[in-house]
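Notes for the structure review
Single-letter residue listing:
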Amino acid sequence: MPFRVYNTLSGQIEEFKPLHASQVGMYTCGPTVYDFAHIGNYRTYVFQDILRRWLKYRGYALRHVMNLTDVDDNTIRNSQAAGLTLRDYTEKYIQAFELDRQLLSLEDPEIVVRATDSIDDMVKLIQTLVEKGYAYSSEGSIYFRVAAFKNYGQLAKLDLAGIRDGARIDSDKYDKNDARDFALWKAPKEGEPFWETPLGPGRPGWHIECSVMSMKYLGETFDIHSGGVDLIFPHHENEIAQSEAATGKPFVRYWLHAEHLIVNGEKMSKSLGNFYTLRDLLAQGFKPSAIRYLLAAVPYRRHLNFTFEGLQQAQQSIERLRNFRYRLTRESFPAGENTAFEERARAACQAFEDALDDNLNTAEALGAVFTMVRDGNTAMDRGEFRAGDRAAFLETLARWDRIFCVLEDHDHERLVKFGFIKPLTIEVADRVESTDAAQAVIGNGHPGAAVTALPTDEEISQWVAERDEMRRKGNFARADEIRQNLHKAGVILEDSKAGTRWKRK
Ligand SMILES: [Zn+2]
């Protein structure tokens with residue numbers, strides 16, 4: 001089956017057919033960099049990452065553009081309060097966003113652009129709109145004339161007449177001819193940063209940014225535009241109006257929107273005390289991989305109810321997958337093969353692919369692989385699994401993980417690297433000693449924090465080997481001592497038929 005997506009514009013599931021066979025053009029609205037992004041934002045970014053990875057899995061070359069909104073009312077207000085230039089203030093949150101993205105294994109878009117680096121292009125598009133009669137000036141600001149664009153409301157399914165006079169599309173407090181009109185260019189206010197341009201002094205409105213940056217890198221018509229459902233109106237509706245009024249061509253072919261994340265059944269808000277940034281969750285000891293898994297597990301068009309129990313279950317699910325892969329690679333099985341099992345592994349792969357082709361049904365894609373894990377574990381426990389069956393199972397797991405990205409455990413290494421947790425220290429003199437596992441979380445971690453005495457994988461493996469030898473020799477006291485010391489350093493040992501496996505807490 002071909003890849004099908006729900007297109008907000010048509011209101012239907014459609015087969016995805018890119019404009020150019022060779023490359024898919026995709027634009028995603030990035031963050032406004034005035035604060036740390038919250039988990040509701042990351043729900044959307046994880047969905048977009050799954051979409052990215054799925055397009056590539058299906059063989060498309062991808063050109064993905066994302067903006068960083070580094071000028072708007074919030075960034076201006078906060079930078080002034082902090083006594084910093086807009087650039088310096090937003091830089092901190094851009095870096096934080098990049099770290100968060102790496103922690104969550106979000107791939108980098110091919111092109112990431114700051115709004116303030118594209119002011120000239122915005123000025124040109126606004127000039128075009130003025131020339132064509134779609135925009136007008138008023139007291140130094142320039143507005144889009146909604147009444148002049150006959151298709152306004154097509155994305156949000158609005159009845160234009162239904163937008164009563166006085167109902168504000170835009171929250172800007174500027175003089176405009178019609179309450180529905182929105183600002184393309186804003187006259188400078190006292191003390192605010194502004195740009196001297198052929199339009200006069202001022203700064204761009206938010207909506208014009210995305211029209212300009214998407215078309216600049218992807219052309220006047222491109223394949224996919226995506227964001228959270230809260231962006232459908234007015235942001236994306238306004239983007240369509242600006243772009244299509246200027247070019248006379250269709251702007252975007254497929255609009256994909258992710259539903260809201262709610263927390264314990266309630267809307268996330270600071271006043272309810274259920275508002276979480278990624279950093280808040282890391283401070284509580286949750287792992288980035290578990291957060292990614294939970295955010296990916298619910299299909300993007302459904303509300304995602306975020307709970308701590310859900311996060312714990314996500315952690316357990318990941319462990320189950322990793323344990324299964326560990327058995328596949330380390331346990332010994334009788335020679336030969338059992339074609340029925342191989343067939344199940346292939347069927348699981350097919351089911352996982354079919355699920356993602358079906359408008360990225362991640363829940364079914366997870367279900368497919370867990371059915372395979374259950375069957376595989378049962379076959380191993382019963383002694384029916386054969387050495388020749390390994391490859392098909394490993395292949396399915398690997399393909400699945402190209403999208404979900406949780407099988408490799410990078411959590412600890414990344415958290416240390418970015419300064420979110422202090423490195424564990426462990427000294428070996430005559431015997432293994434260690435400090436307590438350092439779980440202290442440093443709020444605003446800096447990249448490149450020194451990793452001094454973190455026990456390396458190799459060192460841990462040596463201690464594990466020494467412990468195994470002690471157990472063989474019957475020196476259980478020493479073996480237990482090694483286990484305890486490793487435990488203090490945040491390393492957990494698990495003994496099984498396949499030998500001793502270790503992992504970091
Ligand atoms: Zn946008």
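Bear in mind that the values here come from a model prediction, so they are computed numbers and not experimental data.

**Focus on the nonpolar core**
Counting 89 residues, the largest nonpolar core has Phe306, Phe352 and Phe404 as the members making the most contacts within it. Ranked by residues supplied to this core, first place goes to helix α1 (residues 39-57) with 10 residues. Leave out the neighbours within four places in its chain, and Phe404 touches Ile50, Arg292, Ala296, Phe352, Leu356, Thr362, Ala365 and Leu366. If you look at the next biggest cluster of nonpolar residues, it comprises 42 residues, including Ile142, Leu184, Ala245 and Ala246.

**A look at the pattern of salt bridges**
Taken as a whole, this structure holds 38 salt bridges when the rule is applied. Close ionic contact of Glu319 with Arg322 constitutes a salt bridge, the shortest N to O distance being 4.0 Å. Taken together, the residues Glu319 and Arg322, both in helix α9 (residues 308-330) and three residues apart, mark about one turn of the helix. You can call Glu319 buried: its relative accessible area is 13%. Judged by relative accessible area, which is 5%, Arg322 ranks as buried. Two residues, Lys503 and Glu319, come together in a salt bridge whose shortest N-O distance is 2.8 Å. One end of the pair, Lys503, is in strand β18 (residues 499-504); the other, Glu319, is in helix α9, with 184 residues separating them in the sequence. The network of salt bridges with common partners includes Asp49, Arg52, Arg53, Lys56, Glu107, Glu110 and Arg292.

**What about the coordination of the zinc ion?**
Coordination of the zinc ion by the protein involves Cys29 (SG), Cys210 (SG) and His235 (NE2), with metal-donor separations of 2.0 to 2.2 Å. Site description for the zinc ion: donor spacing in sequence, C-x180-C-x24-H. Taken together, the positions of Cys29 in the loop between β3 (23-28) and α1 and His235 in helix α6 (residues 232-247) put the pair 206 residues apart, joining distant regions of the chain. The pair Cys29 / His235 is uniform in exposure class, with both members buried.

**Quick look at the sheet that holds strand β10 (residues 222-228)**
Either a parallel or an antiparallel arrangement is found when strands of a sheet pair, and the pairing is made through backbone hydrogen bonds. A sheet is described by the order of its strands in space; here five strands give the open sequence β5-β4-β3-β10-β11, paired in parallel fashion. Taken across any chain shown, the strands that pair with only one partner, and hence form the sheet edges, are β5 (111-114) and β11 (252-258). Averaged over neighbouring strand pairs, the angle between their axes works out to 20° when direction is ignored. For strand β4 (residues 61-68) and β5, the ladder comprises four bridges, and the chain directions are parallel. Opposite Val65, over in β5, you have Ile111 as the bridge partner.

**Focus: the side chain of Asn7**
Within the fold, Asn7 resides in strand β1 (residues 4-7). Given the relative accessible area of 2%, Asn7 is considered buried. Non-local contacts of Asn7, meaning those with residues more than four positions away in its chain, are made with Gln12, Glu14, Arg253, Tyr254 and Trp255.

**Brief notes about the layout of surface pockets**
Here the largest pocket is characterised by a volume of approximately 1,300 Å³. Every residue lining the largest pocket is counted, 48 residues in all, and those nearest its centre are Thr32, Tyr34, Asn41, Asp230 and Leu231. Those elements that provide at least two residues to the lining of the largest pocket are α1, α2 (73-82), β8 (182-186), β9 (203-204), α5 (206-218), β10, α6 and β12 (261-263). Considering every element that reaches the lining of the largest pocket, the biggest residue donor is α1, with five residues. Considering only residue class, the lining of the largest pocket consists of 19 nonpolar, 18 polar and 11 charged. Here the second largest pocket is characterised by a volume of approximately 620 Å³. Lining of the second largest pocket is provided by 20 residues; of these, Glu408, Asp409, Asp457, Trp502 and Lys503 occupy positions nearest its centre. For the lining of the second largest pocket, the elements supplying multiple residues, two or more each, are α9, α13 (411-417), α14 (457-473) and β18. A total of six residues in the lining of the second largest pocket trace back to one element, the largest contributor, which is α9. When its residues are assigned to classes, the lining of the second largest pocket shows five nonpolar, four polar and 11 charged.

**As for the confidence of the model for the protein chain**
Mean pLDDT over the protein chain stands at 90; residues scoring 70 or higher make up 91%. Confidence drops under pLDDT 50 across residues 164-168; counting only partners more than four residues distant or on other chains, this segment forms five contacts. Here residues 428-453 is modelled with pLDDT under 50, and outside its nearest four sequence neighbours on either side it reaches 66 contacts, counting other chains as well.

The rules behind each value
- Residues numbered from 1 in each chain as written.
- Predicted model: local features only at pLDDT ≥ 70, side-chain atom pairs only at ≥ 80, totals over all residues.
- Heavy atoms only, no water.
- Core = buried A, V, L, I, M, F, W, Y, C linked by side-chain atoms within 4.5 Å.
- Buried < 20%, exposed > 50% of the residue type's maximum accessible area, 1.4 Å probe, protein only.
- Helix = DSSP H or I, 4+ residues; strand = E, 2+ residues; numbered from the N terminus.
- Contact = heavy atoms within 4.5 Å.
- Salt bridge = Lys/Arg side-chain N within 4 Å of Asp/Glu carboxyl O.
- Donors = N, O, S within 2.8 Å, 3.2 Å for Na, K, Ca; no water.
- Pairing = 2+ DSSP bridges.
- Axes fitted to C-alpha atoms, helices over the stretch in contact; angles between N-to-C directions.
- 1 Å grid on protein atoms, 1.4 Å probe; cavity = no way out; pocket = protein on both sides within 12 Å on 5 of 7 lines; lining within 4 Å.
- Points joined across faces, edges and corners; volume = space filled by probe spheres on them.
- Nonpolar A, V, L, I, M, F, W, Y, C, P; charged D, E, K, R; others polar.
- pLDDT = per-residue confidence, 0-100.

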